[in-house]
Amino acid sequence: MPYHVDRRDFMKLAGIGGAVFASGLGLPKAAGAAVQQDFFFVQLSDTHWGFAGAPNPEAANTLKRAVAAANALARQPDFIVFTGDLTHTTDDAQERRRRMAEFRDIVSALKVKDVRYIPGEHDASLDRGAAYQEFFGKPNYTFDHKGIHFIALDNVSDPGALIGESQLAWLSADLAQLKRDQPIVVLTHRPLFDLQPDWDWATRDGAKAVELLTPFANVTVFYGHIHQEHHHMTGRIPHHAATSLIFPLPAPGSQPKRAPLAWDPAAPFKGLGFREVAARTSGPALGIEELPLNKG
Amino acid sequence: MSRFAFALGAILVGAAALAAALPGIAQSERVVRITAKKYEFDPPKVTLKRGEPVVLELTTLDRVHGFKLPAFGVRADVAPGEVARVRITPDAAGKFDFLCDSFCGSGHEDMDGEIVVE
Ligand SMILES: [Cu+2]
């Protein structure tokens, strides 16, 4: 069956309308392992359902607005992934479950029914992922989609921001089955590298995961946690942080504290948004485009 | 804090972990006690002298917290009923942030403090 592509929309996604194609991701066509069909997915992150405070007076509406924005895309993605901090943390175990149930209800309005989740520390760190797993299942898993191998890594169920030895062993065993040119996308919450350790923007054993991934030629990491777009290379592996859907945080080290950026009544939802990731069979494998939530 | 300072600090993690695990402390070392609770360190600001070895003794009044001082490449888990010890010798004047690096709840992101070296 021919794959339906809205030409104009995809051209926009594929680089003409501002999408950035990750560097170093040209796939050798002869290599065998490659993206099998053009497609795209959407990354939403850090929705913090249950948050209340001055940094977002529209907190009760922001997630619904994001769902509506995703539903309004001219071409619907193959799937949507939420990269953690679905809910804002609470010490009350019942309230935590109430927030997760409400989050699940709200996102059930997404037109796309293939929705995947990974936890953030707000979801999982206080009970080692117990409530999260009741609602959203395993915090680490893999799946394959049209030639790309996706790996969801959990670096938050341990409150010390550890992936942990057993999950690293699981990752190592998974990678052992793959060809070195296999396109791989890693989805995780915290940065796997030391972005800003004095702001807790790190994964304590993230370097071990990066080391396991380093032999592979086509790895890309998408994550959240830092509430802003950010791009960084470790060796040949690009790491792309997504904007949040609750409040933006300052650029790493740009101010003494990592306090949320103030809500701007003149530009509501400024700094919030989500991301489309396009996968292509030729040229650079992945293109990304950031979609602001306050775009008119 | 410069990237260079951090890189140096990272190399010292192993030594620091060793220091934190030491059962006792030498008589001559200065001891500074820091208490952790949701969501603050007490005192939040600690002043140290350049070149003077110090043992930071960390305890918690409620739940597990973390203590991380990135510029010195040291960290420790601070668990109820235990005393965590971190040994440092500041070799440069300046201000260095420390923070809780074990997620502890809704105020976790604000749980930090400062070491001032004179
Ligand atoms: Cu804490």
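Being a predicted model, the structure only gives us computed values, none of them experimental. (Residues numbered from 1 in each chain as written. Chains lettered and ligands numbered in written order. Predicted model: local features only at pLDDT ≥ 70, side-chain atom pairs only at ≥ 80, totals over all residues. Heavy atoms only, no water.)

**Brief notes about the pattern of salt bridges**
Opposite charge on two side chains permits them to pair, given that their charged atoms come into close proximity.
Step number 1: This structure, assessed with the given rule, holds 21 salt bridges over all chains.
Step number 2: Notably, a salt bridge pairs B:Glu52 with B:Arg30, separated by 3.4 Å at the nearest N-O pair. Taken as a pair, B:Glu52 in the loop between strand 3 (45-48) and strand 4 (54-60) and B:Arg30 in strand 1 (residues 30-37) lie far apart in primary sequence, 22 residues in all.
Step number 3: Given the relative accessible area of 24%, B:Glu52 is considered partly exposed.
Step number 4: Here B:Arg30 falls in the partly exposed class, since its relative accessible area comes to 31%.
Step number 5: Its salt-bridge partner being B:Arg75, residue B:Asp77 comes within 2.9 Å of it at the nearest N-O pair.
Step number 6: Residues joined by salt bridges that share partners form a network here, namely A:Glu95, A:Arg98, A:Arg99 and A:Glu102. (Salt bridge = Lys/Arg side-chain N within 4 Å of Asp/Glu carboxyl O. Helix = DSSP H or I, 4+ residues; strand = E, 2+ residues; numbered from the N terminus. Buried < 20%, exposed > 50% of the residue type's maximum accessible area, 1.4 Å probe, protein only.)

**Overview of the interface of chain B and chain A**
Step number 1: Listed per partner, the contact involves 22 residues of chain B and 17 residues of chain A.
Step number 2: Interface area, chain B with chain A, both sides summed: about 1,600 Å², of which 48% is carbon and sulfur.
Step number 3: In this structure, the connection of chain B to chain A is made through two salt bridges.
Step number 4: Between B:Asp112 and A:Lys257 there is a salt bridge, with its nearest N and O atoms 2.9 Å apart.
Step number 5: Along the contact surface separating chain B from chain A lie six residue pairs in polar contact (both at pLDDT 80 or more).
Step number 6: Elements with a minimum of two residues in the side of chain B that touches chain A: strand 6 (74-78) and strand 8 (94-99) of chain B.
Step number 7: Looking at the side of chain B that touches chain A, its residues break down into eight nonpolar, four polar and 10 charged. (Contact = heavy atoms within 4.5 Å. Buried area = accessible area lost by both parts, 1.4 Å probe. Polar contact = N/O pair within 3.5 Å; in protein donor to acceptor, adjacent residues only side chain to side chain. Nonpolar A, V, L, I, M, F, W, Y, C, P; charged D, E, K, R; others polar.)

**Quick notes on the sheet that holds strand 2 (residues 40-42) of chain B**
All names here are of chain B.
Step number 1: The sheet built from four strands is open, its strands ordered 2-1-4-7 with mixed pairing. Whereas interior strands pair on both sides, the edge strands pair on one side only; in this sheet they are strand 2 and strand 7 (84-88). In this sheet, adjacent strand axes meet at a mean angle of 25° when their direction is disregarded.
Step number 2: Alignment of strand 1 against strand 2, held across three bridges, turns out to be antiparallel. Opposite Ala 36, over in strand 2, you have Phe 41 as the bridge partner. (Pairing = 2+ DSSP bridges. Axes fitted to C-alpha atoms, helices over the stretch in contact; angles between N-to-C directions.)

**Some words on the confidence of the model for chain B**
All names here are of chain B.
Step number 1: The predicted model of chain B has a mean per-residue pLDDT of 84, with 77% of residues at 70 or higher.
Step number 2: A low-confidence stretch, residues 1-21 (pLDDT under 50), is modelled with 20 contacts involving residues beyond four sequence positions or located in other chains.
Step number 3: Here the predicted complex scores 0.86 on pTM and 0.85 on ipTM. (pLDDT = per-residue confidence, 0-100.)

**Section: the coordination of the copper ion**
All names here are of chain B.
Step number 1: Coordination of the copper ion by the protein is provided by His 65 (ND1), Cys 100 (SG), Cys 104 (SG) and Met 111 (SD), with metal-donor distances spanning 2.0 to 2.7 Å.
Step number 2: Classification of the site at the copper ion as tetrahedral follows from its four donor atoms and the range of 89 to 123° in their angles at the metal.
Step number 3: Donor residues for the copper ion sit on one chain with the sequence pattern H-x34-C-x3-C-x6-M.
Step number 4: Exposure remark for Cys 104: the relative accessible area of 0% places this residue in the buried category.
Step number 5: The class of Met 111 is buried, set by a relative accessible area of 0%. (Donors = N, O, S within 2.8 Å, 3.2 Å for Na, K, Ca; no water. Tetrahedral: all angles 85-135°; square planar, octahedral: opposite > 155°, others 65-115°.)

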